[in-house]
Amino acid sequence: MKRIFILIVVLICTQNMSAQLFSKEKVQNLQNFDKPRFSYGYILGFNLYDFNFDYTTDAPDTDIIHDESVGFSVGLLGNLRLNDYFDLRLEPMVTFNTRNLRFSNSQFTSDFESVREVKSTYVHVPLLLKISTKRINNIKPFIVGGVSTSINLSSNEDNPDDNSVGQFRMKTNTNYYEIGFGIDLYLYYFKFTPSIRGVFAMSDELVKDNDPNSPYTSTIDKMSTRGIFINFTFQ
């Protein structure tokens, strides 16, 4: 999580430095870029997923440790201009990430038993409302929020094998809510938009083991994804 805060600070500092450009009127690049009703682009970015666990009332005090790792995202952007300050955005993308879960149990004697690698390939489709400030020179900050759905192509939901043979299972379909901020930078030839967004699952994603007393899943009441997306959009 330290890396997340560092990235947020860097973005905020970048915006503060860009504020120096507000003091003088400058030649505007792409002056008519935002006037069309529809616009398109593509997205490249990074993601950081982890899990939030809610445990049953009789669960022991030990937590499941999840190791985070940085993944990669690629997608497309479809933008519907509502007015000078509001846009509706569809951002279908594919995200790749790997998480490791470490289960603490006295009966586990090896990493094969205690560690589960969770590889995820999501088809992630957010529908977002973008709320922008007035454009100043070649800069336009904004906030964004909305809902999304995803299909986890690596979920193994229908796999009959479970953790007893080393297979961790998740549900295929998940819904989320998202909120974030960014800044439009109007360059000479195109618009470049760095943004950061939090993604929070609204439902339980865990497929429990066949054994109701499983040492892996019996103490978990709910497991839901949380994530940070750092996107770079080119239009």
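Parameters at a glance
- Residues numbered from 1 in each chain as written.
- Predicted model: local features only at pLDDT ≥ 70, side-chain atom pairs only at ≥ 80, totals over all residues.
- Heavy atoms only, no water.
- 1 Å grid on protein atoms, 1.4 Å probe; cavity = no way out; pocket = protein on both sides within 12 Å on 5 of 7 lines; lining within 4 Å.
- Points joined across faces, edges and corners; volume = space filled by probe spheres on them.
- Helix = DSSP H or I, 4+ residues; strand = E, 2+ residues; numbered from the N terminus.
- Nonpolar A, V, L, I, M, F, W, Y, C, P; charged D, E, K, R; others polar.
- Core = buried A, V, L, I, M, F, W, Y, C linked by side-chain atoms within 4.5 Å.
- Buried < 20%, exposed > 50% of the residue type's maximum accessible area, 1.4 Å probe, protein only.
- Phe/Tyr/Trp six-rings, centres within 6.5 Å; stacked < 30°, edge-to-face > 60°.
- pLDDT = per-residue confidence, 0-100.
- Contact = heavy atoms within 4.5 Å.
- Salt bridge = Lys/Arg side-chain N within 4 Å of Asp/Glu carboxyl O.
- Polar contact = N/O pair within 3.5 Å; in protein donor to acceptor, adjacent residues only side chain to side chain.

**A word on empty space enclosed by the protein**
Tallied over the entire structure, the rule returns one cavity of 30 Å³ or more. Its volume calculated, the largest cavity comes out at about 60 Å³. Considering the residues around the largest cavity, the lining is formed by Arg89, Glu91, Leu128, Phe142, Val144, Thr193, Ser195, Arg197 and Thr233. Elements that contribute at least two residues to the lining of the largest cavity include exactly strand E7 (139–152) and strand E9 (191–201). Ranked by the residues each element gives to the lining of the largest cavity, the list is headed by E9, at three residues. Counted by class, the lining of the largest cavity contains three nonpolar, three polar and three charged residues.

**Considerations on the nonpolar core**
The biggest cluster of nonpolar side chains holds 22 residues, and the ones touching the most others in it are Phe51, Phe53, Leu101, Phe103, Phe168, Met170 and Met223. Elements supplying a minimum of two residues to this core: strand E1 (38–55), strand E5 (93–102), strand E6 (115–132), E9 and strand E10 (220–234). Take this core: its biggest share by element is four residues, from E1.

**Overview of the packing of aromatic side chains**
In this structure the tally under the stated criterion is eleven aromatic pairs. Arranged with centres 6.0 Å apart and planes meeting at 45 degrees, the rings of Phe190 and Phe234 form a pair that is tilted. Of this pair, Phe190 sits in the loop between strand E8 (173–186) and E9 while Phe234 sits in strand E10, and the two are 44 residues apart along the sequence. Exposure remark for Phe190: the relative accessible area of 31% places this residue in the partly exposed category.

**Regarding the confidence of the model for the protein chain**
Summarising the model, the protein chain shows a mean pLDDT of 86, and 88% of its residues fall at 70 or more. Counting interchain partners and residues more than four positions distant, the pLDDT-below-50 stretch residues 19–23 has six contacts.

**Describing the pattern of salt bridges**
If you walk through the whole model with that rule in mind, you get eleven salt bridges. By sharing partners, the salt bridges in this structure join Asp34, Lys130, Lys140, Asp184 and Lys191 into a single network.

**Overview of the side chain of Ser73**
Mapped onto the elements of the fold, Ser73 is located in strand E3 (residues 70–81). Among the polar contacts made by the side chain of Ser73, one reaches the side chain of Asn47 at a distance of 2.9 Å. With near-sequence residues (within four places) excluded, Ser73 lies in contact with Ile43, Leu44, Gly45, Phe46, Asn47, Met93, Val94 and Thr95.

**Some points on the environment of Tyr188**
Mapping Tyr188 onto the fold places it in the loop between E8 and E9. The exposure class assigned to Tyr188 is exposed, which follows from its relative accessible area of 61%. Between the C-alpha atom of Tyr188 and that of Asn29, which follows or precedes it by 159 residues, the distance is 5.5 Å. Excluding anything up to four places from it in sequence, Tyr188 contacts Asn29 and Leu30.

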